[in-house]
Amino acid sequence: MVFYRKYRPQKISELDSEPVRVSLANILSAKEPPHALLFTGPKGLGKTSAARIVAKIVNCSAKQNKPCNKCGQCVSITNGTNLDILEIDAASNRGIEEIRDLREKIKLAPSAARKKVYIIDEVHMLTPEAFNALLKTLEEPPSHAMFILCTTEVHKVPKTIASRCFHIVFKNATGQELERSLKRIISMEKINMDQEALAIIAKNADGSFRDGAKILEQAVLAVGRKKITGERILALLGSSKNGLEIFEALKEKNAGRALNWLNEAVAGGLNIKSWLEETLAVLHTVLLFKYDIKEGEVNDEVLQFTQEELKKLIMLFSKAHQELRLAVIAQLPVELAIIEYCMEEGVPA
Ligand SMILES: [Zn+2]
């Protein structure tokens with residue numbers, strides 16, 4: 001995750017999500033910006049980066065509605081050393097005590113900044129008592145205070161809290177937004193890469209800037225100074241020719257071979273989630289083809305499966321996909337799906 005951290009957006013124009021860029025620019029150009037913001041959306045879309053940018057804008061000595069990234073305030077916020085910008089992880093500070101403590105301290109004027117900014121990450125983790133205490137502060141905030149509440153699970157934030165915040169939704173990144181974000185890293189790192197490779201990474205990043213940066217980083221590590229081509233990225237993602245091996249192994253109900261393929265692919269940087277989604281799409285196309293519905297390219301290897309086998313694979317891999325989010329080891333749900341599929345009909349591995 002070196003690239004993602006190293007190239008965090010530092011100003012609004014570097015935020016790659018267009019709707020977020022536009023709403024933030026609008027609200028921050030107002031005379032008095034809202035005292036509470038709520039940033040919601042999946043992980044890896046830059047909520048924390050955006051929160052830090054807001055903290056800089058309200059405190060930057062240059063007062064230009066954009067961070068100068070040079071003054072003492074901006075620099076200390078970038079470095080995470082600004083005493084008036086408090087980042088709190090609600091996952092580990094979820095109780096009433098922590099929020100009481102916050103309520104006491106927030107009354108004190110900022111030490112050097114214009115505004116004390118509280119960035120509360122994963123805010124949905126707060127206990128109901130802590131939320132109640134926070135609500136009281138949000139109802140009557142000191143004028144020097146600003147809150148930025150971030151969460152991946154907006155439905156767990158009480159309506160009373162959400163209604164007091166200016167809400168900005170971070171949606172999954174589009175292909176264009178992902179390319180924009182990747183291009184910034186590519187040019188700064190002087191990476192030699194073709195457009196096809198860029199497009200493939202964007203497609204496999206699952207709408208997440210963080211995942212995109214991660215794939216790019218893996219590619220650089222795998223390829224070194226050589227040119228990164230689309231083919232190399234596909235090989236890295238495990239969806240090139242050797243991707244067929246998994247279907248052969250499954251057709252043979254050879255669990256050992258299938259697990260071995262998966263293990264090697266993961267070691268080579270395979271993104272399990274993207275791979276599952278791509279595999280399900282391939283199985284789906286072939287299943288429809290079997291019923292004379294011709295949509296997209298049919299994979300010859302997959303055509304060897306019967307309708308019944310395709311149905312079983314789709315069910316098992318869909319289940320694995322659902323279980324991914326909670327999996328302790330990312331590849332485990334797929335491994336279990338492979339084993340379950342191969343065990344059927346008692347064919348030994
Ligand atoms: Zn500044």
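Residues numbered from 1 in each chain as written. Predicted model: local features only at pLDDT ≥ 70, side-chain atom pairs only at ≥ 80, totals over all residues. Heavy atoms only, no water.

1. As for the overall build of the protein
The helix and strand inventory of the protein stands at 17 helices and five strands. Within the span of the protein, comprising 349 residues, buried residues form 46% of the whole. Within the structure as shown, the protein displays about 17,900 Å² of accessible surface, and the carbon and sulfur contribution to it stands at 53%. Taken as two groups, the 48 positive and 44 negative side-chain charges of the protein have centres that lie 9 Å from each other. (Helix = DSSP H or I, 4+ residues; strand = E, 2+ residues; numbered from the N terminus. Buried < 20%, exposed > 50% of the residue type's maximum accessible area, 1.4 Å probe, protein only. Areas by Shrake-Rupley, 256 points an atom, 1.4 Å probe, with all protein chains shown as cover. Lys, Arg positive; Asp, Glu negative; His and termini not counted. Charge placed at Lys NZ, Arg CZ, Asp CG, Glu CD.)

2. Description of the coordination of the zinc ion
Coordination sphere of the zinc ion, protein contribution only: C60 (SG), C68 (SG), C71 (SG) and C74 (SG), at 2.3 Å. Coordination at the zinc ion is tetrahedral, judged from the four donor atoms that bind it and the angles of 100 to 119° they form at the metal. (Donors = N, O, S within 2.8 Å, 3.2 Å for Na, K, Ca; no water. Tetrahedral: all angles 85-135°; square planar, octahedral: opposite > 155°, others 65-115°.)

3. Points about the packing of aromatic side chains
Under the criterion given, the structure shown has five aromatic pairs. Consider the rings of F39 and F170, whose centres lie 5.2 Å apart with planes at 50°: the pair is tilted. Here F39 is found in strand β1 (residues 36-40), whereas its partner F170 is found in the loop between β5 (166-169) and α8 (175-189), with 131 residues between them in sequence. According to the relative accessible area criterion, F39 is buried, its value standing at 0%. By relative accessible area, F170 is classed as buried at 3%. (Phe/Tyr/Trp six-rings, centres within 6.5 Å; stacked < 30°, edge-to-face > 60°.)

4. Side note on the layout of surface pockets
Space inside the largest pocket adds up to approximately 1,000 Å³. Taken together, 30 residues line the largest pocket, and the ones lying closest to its centre are K43, D206, D211, K273 and R325. Of all the secondary-structure elements, those providing two or more residues to the lining of the largest pocket are α10 (209-223), α14 (272-290) and α16 (307-323). Here the element with the most residues in the lining of the largest pocket is α10; it accounts for five residues. Taken together, the residues of the lining of the largest pocket break down into ten nonpolar, eleven polar and nine charged. (1 Å grid on protein atoms, 1.4 Å probe; cavity = no way out; pocket = protein on both sides within 12 Å on 5 of 7 lines; lining within 4 Å. Points joined across faces, edges and corners; volume = space filled by probe spheres on them. Nonpolar A, V, L, I, M, F, W, Y, C, P; charged D, E, K, R; others polar.)

5. Description of empty space enclosed by the protein
A complete count under the given rule lists one cavity of 30 Å³ or more for this structure. Taken as a whole, the largest cavity holds about 160 Å³ of empty space. Taken together, 18 residues make up the lining of the largest cavity; nearest its centre are Y4, P9, D16, R184 and F209. Of all the secondary-structure elements, those providing two or more residues to the lining of the largest cavity are α1 (2-6), α8 and α10. It is α8 that contributes the most residues to the lining of the largest cavity, three residues altogether. Tallied by class, residues from the lining of the largest cavity come to eleven nonpolar, four polar and three charged. Both of domain 1 (2-169) and domain 2 (175-237) provide at least three residues apiece to the lining of the largest cavity. (Domains from an automatic or database assignment.)

6. Focus on the pairing of strand β3 (residues 116-121)
Of all six residues in β3, five are buried, a share of seventy percent or more. As defined by bridge partners, strand β2 (residues 85-89) adjoins β3 across five bridges and the pair is classed as parallel. When the bridges of β3 are listed, D89 appears paired with D121. Each parallel crossover has a hand, and for β2 linked through helix α5 (residues 96-106) to β3 it is right-handed. (Pairing = 2+ DSSP bridges. Right-handed = clockwise from strand over helix to strand, strands pointing away.)

7. Side note on the pattern of salt bridges
The tally for this structure, following the rule as stated, stands at 18 salt bridges. One salt bridge in this structure joins R52 and E87, with 2.6 Å as the shortest N-O distance. Pair noted here: R52 is in helix α3 (residues 47-59) and E87 is in strand β2, with a separation of 35 residues, a long-range link. K107 serves as the salt-bridge partner of E104, at 3.3 Å between the closest nitrogen and oxygen. The network of salt bridges with shared partners includes E245, E248, E252 and R257. (Salt bridge = Lys/Arg side-chain N within 4 Å of Asp/Glu carboxyl O.)

8. Overview of the nonpolar core
Core analysis: the biggest nonpolar cluster contains 51 residues, and L24, F39, I148, M193 and L216 have the highest contact counts within it. In terms of domain composition, this core takes at least three residues from each of domain 1 (2-169) and domain 2 (175-237). Apart from the residues within four sequence positions on either side, L216 is in contact with F3, L182, I185, I186, I191, M193 and I201. (Core = buried A, V, L, I, M, F, W, Y, C linked by side-chain atoms within 4.5 Å. Contact = heavy atoms within 4.5 Å.)

9. Describing the sheet that holds β3
Spatial ordering of the open sheet is given by β2-β3-β4-β1-β5, a layout of five strands whose pairing is parallel. In this open sheet, the two edge strands, each paired with only one partner strand, are β2 and β5. In this sheet, neighbouring strand axes are inclined to one another by 15° on average, regardless of whether the strands run parallel or antiparallel. The strands that helix α6 (residues 128-139) touches are β1, β3 and β4 (145-151); relative to β4, the one it contacts most, it runs at about 140°. (Axes fitted to C-alpha atoms, helices over the stretch in contact; angles between N-to-C directions.)

10. Here's the deal with a nonpolar patch on the surface
A cluster of nonpolar residues, V328, I329, L332, L336, I339 and M343, forms a patch on the protein surface that exposes about 590 Å² of accessible area. Structurally, I339 can be placed in helix α17 (residues 332-343). The partly exposed category is assigned to I339, whose relative accessible area is 31%. (Patch = residues over 30% accessible without salt bridge, like charges linked within 9 Å, V, L, I, M, F, W, Y side chains within 5 Å.)

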